[in-house]
Number of protein chains: 2
Amino acid sequence: MNYSIHEVAEKFGLSAHTLRYYDKEGLLPFISRNKSGNRTFTELDLNWLAMICCLKNTGMPIKDIKQYSAWCKQGIETIDERKELLQEHRKQVVKQIEELQKNLELIDSKIATYENPELARQLDEQLERARSTV
Amino acid sequence: MNYSIHEVAEKFGLSAHTLRYYDKEGLLPFISRNKSGNRTFTELDLNWLAMICCLKNTGMPIKDIKQYSAWCKQGIETIDERKELLQEHRKQVVKQIEELQKNLELIDSKIATYENPELARQLDEQLERARSTV
DNA sequence: ACTTGACTTAGAGTTAACTCGAAGTACTAC
DNA sequence: GTAGTACTTCGAGTTAACTCTAAGTCAAGT
């Protein structure tokens with residue numbers, strides 16, 4: 001069972017434009033074409049694309065994903081490079097999660113002040129006072 | 001104790017260019033100037049900037065942060081709007097964290113295959129075979 | 001045969017968020 | 001008073017990641 005570019009776009013919440021862009025940028029080096037020259041995606045290609053989207057959604061730049069794709073295409077002699085790239089990226093993702101959690105706390109504390117109208121009013125006044133005394 | 005734009009930039013890991021850009025975009029509506037016309041940041045301004053950076057680093061677009069800033073400047077009559085904006089944004093942040101954690105699992109499983117050379121070799125071969133049979 | 005619709009390419013245009021450069025002003029040290 | 005440094009504004013330039021347009025191909029349906 002193969003999929004057209006629009007079916008895949010639908011499945012992944014991307015546009016066909018974006019998929020062609022990824023292909024052009026070298027992120028989809030495995031995608032085959034049918035006799036008309038149209039891209040056809042296999043189940044295996046969907047797995048591949050899922051990995052690409054995972055990297056993209058965790059903030060890896062297109063050019064790094066391209067490097068990763070190139071290494072995969074090259075074969076088993078690049079497994080060390082791929083492993084190192086993913087391990088480095090993993091650290092970045094863990095850091096992102098930690099920072100988001102820290103920022104979430106700040107957002108929550110701000111919402112808490114808004115839940116307490118008296119407190120919020122005081123904070124606003126404090127800002128106001130700070131302004132007028134500079 | 002007041003701070004110059006470069007001191008603040010240093011503190012926050014931003015450039016003075018970026019801070020001026022934020023000011024121009026309306027993200028720093030409270031910043032005062034000294035008699036020379038230079039921006040001076042108070043401790044209170046640093047708290048404000050920390051909140052702005054928090055929103056920015058959790059993916060809120062500049063234009064939304066600008067709206068939030070405008071509401072803060074307007075005063076206590078906009079507390080409901082601010083609260084709603086932050087609550088909505090909070091949901092987005094929680095979603096981001098969840099997605100990152102899900103993606104982290106996929107990255108970890110991929111790294112795991114690379115830790116196991118035999119498995120990695122098989123996966124590479126599988127891709128290869130898929131290619132040659134289309 | 002001809003229309004329709006889905007695909008193709010190359011390349012131009014868009015958007016957000018900076019990032020920089022030029023020209024000017026103001027305080028500071030000699 | 002003038003050289004140097006740190007700031008100012010305005011507006012142009014950059015970058016990443018799309019997003020779209022135009023012109024064309026191909027296969028199916030009537």
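Everything numeric here is computed off the predicted structure, so don't read it as measured data. (Residues numbered from 1 in each chain as written. Chains lettered and ligands numbered in written order. Predicted model: local features only at pLDDT ≥ 70, side-chain atom pairs only at ≥ 80, totals over all residues. Heavy atoms only, no water.)

## Things to note about the overall build of chain A
- Helix and strand counts for chain A stand at six helices and two strands.
- Reading the helices (α) and strands (β) of chain A from amino to carboxyl end gives α-α-β-β-α-α-α-α.
- Intrachain contacts of chain A at a sequence separation of at least 6 include 48% that bridge at least 24 residues.
- Accessible surface for chain A amounts to roughly 7,500 Å². Of this, 49% is attributable to carbon and sulfur atoms. (Helix = DSSP H or I, 4+ residues; strand = E, 2+ residues; numbered from the N terminus. Contact = heavy atoms within 4.5 Å. Areas by Shrake-Rupley, 256 points an atom, 1.4 Å probe, with all protein chains shown as cover.)

## Quick word on the protein's contact with DNA strand D
- The full set close to DNA strand D counts 17 residues, and Tyr-22 of chain A together with His-6, Arg-20, Arg-33 and Arg-39 of chain B are the nearest of them.
- Each atom of DNA strand D within 4 Å of the protein was assigned to sugar, phosphate or base; sugar and phosphate come to 74%.
- Take Tyr-22 of chain A: an N or O atom from its side chain is 2.8 Å from a phosphate oxygen of DNA strand D.
- Take Arg-39 of chain B: an N or O atom from its main chain is 2.7 Å from a phosphate oxygen of DNA strand D.
- It is helix H2 (residues 16-24) of chain A that contributes the most residues to the surface near DNA strand D, four residues altogether.
- Classifying every residue of the surface near DNA strand D by side-chain character gives five nonpolar, seven polar and five charged. (Near = heavy atom within 4 Å. Polar contact = N/O pair within 3.5 Å; in protein donor to acceptor, adjacent residues only side chain to side chain. Nonpolar A, V, L, I, M, F, W, Y, C, P; charged D, E, K, R; others polar.)

## Observations concerning the packing of helix H4 (residues 62-74) of chain A against helix H5 (residues 79-115) of chain A
All names here are of chain A.
- In the contact formed by H4 and H5, the axes pass within 9 Å of each other and the chain directions differ by 150°. The orientation of H4 relative to H5 falls into the category roughly antiparallel. When the axes of H4 and H5 are compared, the crossing they make is left-handed. For the pair H4 and H5, the contacting residues are Asp-64, Tyr-68, Trp-71 and Cys-72 in the first and Glu-81, Arg-82, Leu-85 and Leu-86 in the second.
- In the contact of H4 with H5, the residues fall into five nonpolar, no polar and three charged. (Axes fitted to C-alpha atoms, helices over the stretch in contact; angles between N-to-C directions. Parallel < 35°, antiparallel > 145°, perpendicular 65-115°, else oblique. Left-handed = near helix turned anticlockwise from the far one by under 90°.)

## Things to note about the relation of the copies chain B and chain A
- Overlaying chain B on chain A yields an RMSD of 0.0 Å, the required transformation being a rotation through 180° with an accompanying axial translation of 0.0 Å. Taken together, the turn and the small shift mark the pair as related by a two-fold rotation axis. Considering only C-alpha atoms, the residue of chain B closest to the rotation axis is Ile-97 of chain B, which sits at 2.9 Å.
- In this assembly the copies share their binding face: 100% of the residues contributing to the interface of chain B also contribute to that of chain A. (Least-squares fit on C-alpha atoms with pLDDT ≥ 70 in both.)

## A look at the protein's contact with DNA strand C
- Lining the immediate surroundings of DNA strand C are 17 residues, of which His-6, Arg-20, Arg-33 and Arg-39 of chain A together with Tyr-22 of chain B lie closest.
- Here the atoms of DNA strand C within 4 Å of the protein split so that 74% fall in sugar or phosphate, with bases taking the remainder.
- Contributing elements (two or more residues each) for the surface near DNA strand C: helix H1 (5-12) and H2 of chain A together with helix H2 (16-24) of chain B.
- Among the elements that take part in the surface near DNA strand C, H2 of chain B stands out by supplying four residues, more than any other.
- A breakdown of the residues in the surface near DNA strand C according to their chemical character gives five nonpolar, seven polar and five charged.

## Quick look at the interface of chain B and chain A
- Taken together, the contacts link 45 residues of chain B with 45 residues of chain A.
- Together, the buried faces of chain B and chain A total about 4,400 Å²; carbon and sulfur atoms form 71% of this surface.
- The tally of links between chain B and chain A comes to four salt bridges.
- Between Arg-90 of chain B and Asp-108 of chain A there is a salt bridge, with its nearest N and O atoms 2.4 Å apart. (Buried area = accessible area lost by both parts, 1.4 Å probe. Salt bridge = Lys/Arg side-chain N within 4 Å of Asp/Glu carboxyl O.)

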